[in-house]
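# Chain and residue survey
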Amino acid sequence: MTDNPHHQATPGGKPRARSFGIGFDGIAGPFNAITDVSGVAVGYATLISGDGALVVGKGPVRTGVTAILPRPRADLATPVFAGIFSQNGNGELTGSHIVEETGAFNFPITITNTHSCGVSRDGTLRWMNQVLPAALDSGWGLPVAAETYDGFLNDINGHHLTSEHVAEALDGAAGGPIEEGSVGGGTGMITFGFKAGSGTASRIVGWQGHSYTVGAFVQSNFGKRRNFTLRGLRAGSELAEPAIREGTPRAEKGSIIAVVATDAPFLPHQMKRLARRVPLGVAMTGGFGYHSSGDIFIAFSTANPAAALAPSGRIANADFIPDTDIDAFFDAVIQAVEESILNALIANDDMTGRDGNFVPALPKAWLKERFGLKEKLG
């Protein structure tokens, strides 16, 4: 357990997993967030309004959008080496084809609800044309935009997200400690039958006298209650209550999007290898990639910016850590993803949405009893 206040609570005062004495593997960065990777920033626009019966186009609204900037704003046109992996493809991540083809992407990443993914993609292009118009003067843009489904709580067919909300998230993106739980694209999301959403964590990896950071960010919206596992404890059987209350029948439409960032120098094939380890962190919490779950993951490195620009007519040189030394970074991805999911669950409260549909928070009293007792017995 750490005394770092950023490890204990979000900027808004929501508890994080470590505040309950839950122990984790690895060494977390100063903020225990994806923003521990220098230059990476996160912003949100959160839309919460209305109660009662669903009226399509009016609400209730429980949604939003998350923006992740892989480089500082002035450098967003500079690509980052990247790789993607789809464990179960029942979802969407735009820009995936060019990442597969070239091993890189540029511009911000956005994450929102399933039916607003196109809005967030197009809103990113509009924003880029305003803040860095030269990036689109003589070329095209293929932003990365991803989604998970929030229709149990949100008027998803009302299309409440606008380009202005996307710009709000992008303009507000910042480094340092970031909020978690029911914020941004994670506002209406559910995990293991508990309220979840946005979560993050990081790990420090030492290699040959250098210190590198691996950060993860998840939009968590997956899993069946019976499978929930918390640091090896098969907790689902203990947590039949509190239960979801269905004003309207709930279809299984869960997903998880994970973004992994690092400042370690890796080539595109190595970034894909990091992305392929995300499902192991998901599995640590009880996520098994069921049919309706869109489990799609992207990893990028902020290193080698000159090589990522691939200048014409000259040999491009890139540094990279050998594949034979990559295992510690696999560990970091798995550890950060697991903790990110748990932070998304724990930094949360009960939520009631459309038609009175109710999703409980993971009970804090149970966490205190389970992990406070464990800590005392030490």
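In this numbering scheme, every chain counts its residues from 1 along its sequence in written order. The predicted nature of this model means local features are confined to residues of pLDDT at least 70 and side-chain atom pairs, given and counted, to a pLDDT of 80 or more, with totals for whole chains, interfaces and linings taken over all residues. As a convention, hydrogens and water are excluded, and side-chain values are obtained from all of the structure's heavy atoms.

## Thoughts on the overall build of the chain
Counting its regular elements, the chain contains nine helices and 16 strands. Radius of gyration here uses only the C-alpha atoms, and the compact-globule reference equals 2.2 Å multiplied by the residue count raised to the power 0.38. Taken over C-alpha atoms, the radius of gyration comes to 20 Å for the chain, in line with the 21 Å a tight globule of 378 residues would show. Only protein chains enter the accessibility calculation, which uses a 1.4 Å probe. A residue is then buried if its area is under 20% of the maximum for its type, exposed if over 50%, and partly exposed in between. A burial count over the chain gives 58% of its 378 residues as buried. Of the contacts made within the chain by residues no fewer than 6 positions apart, 79% connect residues no fewer than 24 positions apart. In these tables, accessible area is a Shrake-Rupley quantity obtained with a 1.4 Å probe, and a residue counts as shielded only by the protein chains included in the view. Accessible area of the chain: about 14700 Å², with a carbon and sulfur share of 52%. Within this scheme the basic residues Lys and Arg register as positive and the acidic residues Asp and Glu register as negative, but His and the chain ends are omitted. In plain terms, the charge of a residue is placed at NZ if it is Lys, CZ if Arg, CG if Asp and CD if Glu. The positive charge centre, built from 30 side chains, and the negative charge centre, built from 36, are 5 Å apart in the chain. In DSSP terms, a helix is any run of H or I states spanning at least four residues, a strand is any run of E spanning at least two, and both are numbered starting from the N terminus. In this analysis, two residues are considered to be in contact whenever any of their non-hydrogen atoms come within 4.5 Å of each other.

## Digging into the sheet that holds strand S1 (residues 41-49)
Strand pairing in a sheet relies on backbone hydrogen bonds, with the paired strands running either antiparallel or parallel. Spatially, S1-S2-S5-S6 is the arrangement adopted by the four strands of the open sheet, whose pairing is mixed. In the strand order of this sheet, the two ends are held by S1 and strand S6 (144-148), each with one partner. Sheet twist, expressed as the mean angle between neighbouring strand axes with direction ignored, is 15 degrees. Here, any two strands with at least 2 DSSP bridges between them count as paired. Across five bridges, strand S5 (residues 109-113) lies against S6 in parallel orientation. Only the contacting stretch of a helix is used when fitting its axis, a line to C-alpha atoms as for every element, and angles between N-to-C directions run 0 to 180 degrees.

## Regarding the sheet that holds strand S13 (residues 255-262)
Taken in spatial order, the six strands make up an open sheet running S4-S3-S14-S13-S10-S9, and their pairing is mixed. Each having just a single partner strand, strand S4 (104-105) and strand S9 (198-207) make up the two edges of the open sheet. Those strands touched by helix H5 (residues 268-275) are strand S3 (80-89), S13 and strand S14 (294-301), and its axis lies near 35 degrees from that of S3. The sheet contacts of helix H8 (residues 327-346) involve S9, strand S10 (210-221) and S13, and relative to S9 the element is tilted by about 155 degrees.

## Points about the pattern of salt bridges
Think of a salt bridge as a Lys or Arg side-chain nitrogen and an Asp or Glu carboxyl oxygen that are within 4 Å of each other. In total, this model carries 13 salt bridges according to the counting rule given. Here Arg231 and Asp25 are joined by a salt bridge, their closest N and O atoms 3.3 Å apart. Taken together, the residues span a long stretch of sequence, with Arg231 in the loop between strand S11 (229-230) and strand S12 (233-234) and Asp25 in the loop between helix H1 (5-8) and S1 at a distance of 206 residues. Among the charged side chains, a salt-bridge network with shared partners connects Arg18, Arg203 and Glu339.

## Observations regarding the packing of aromatic side chains
Classification of ring pairs rests on two measures: the distance between centres of Phe, Tyr or Trp rings, Trp counted by its six-membered ring, which must be within 6.5 Å, and the angle between planes, read as stacked under 30 degrees, edge-to-face over 60 and tilted in between. The final tally for this structure, using the stated rule, is nine aromatic pairs. Both rings, one in Tyr44 and one in Phe217, keep their centres 6.5 Å apart while their planes meet at 40 degrees; by these two values the pair is tilted. On the criterion of sequence distance, the pair formed by Tyr44 in strand S1 and Phe217 in strand S10 is long-range, its members being 173 residues apart. Phe217 matches Tyr44 in its accessibility class, with the two residues each being buried. Between Phe192 and Phe228, the ring centres sit 5.1 Å apart and the planes meet at 35 degrees, which makes this aromatic pair tilted. Of the two residues, Phe192 is situated in the loop between strand S7 (190-191) and strand S8 (194-195) and Phe228 in the loop between S10 and S11; the sequence distance between them amounts to 36 residues. For the pair Phe192 and Phe228, one class covers both residues: buried. An aromatic cluster is defined as three or more aromatic residues linked by ring pairs; in this entry it consists of Phe192, Phe194, Phe222 and Phe228.

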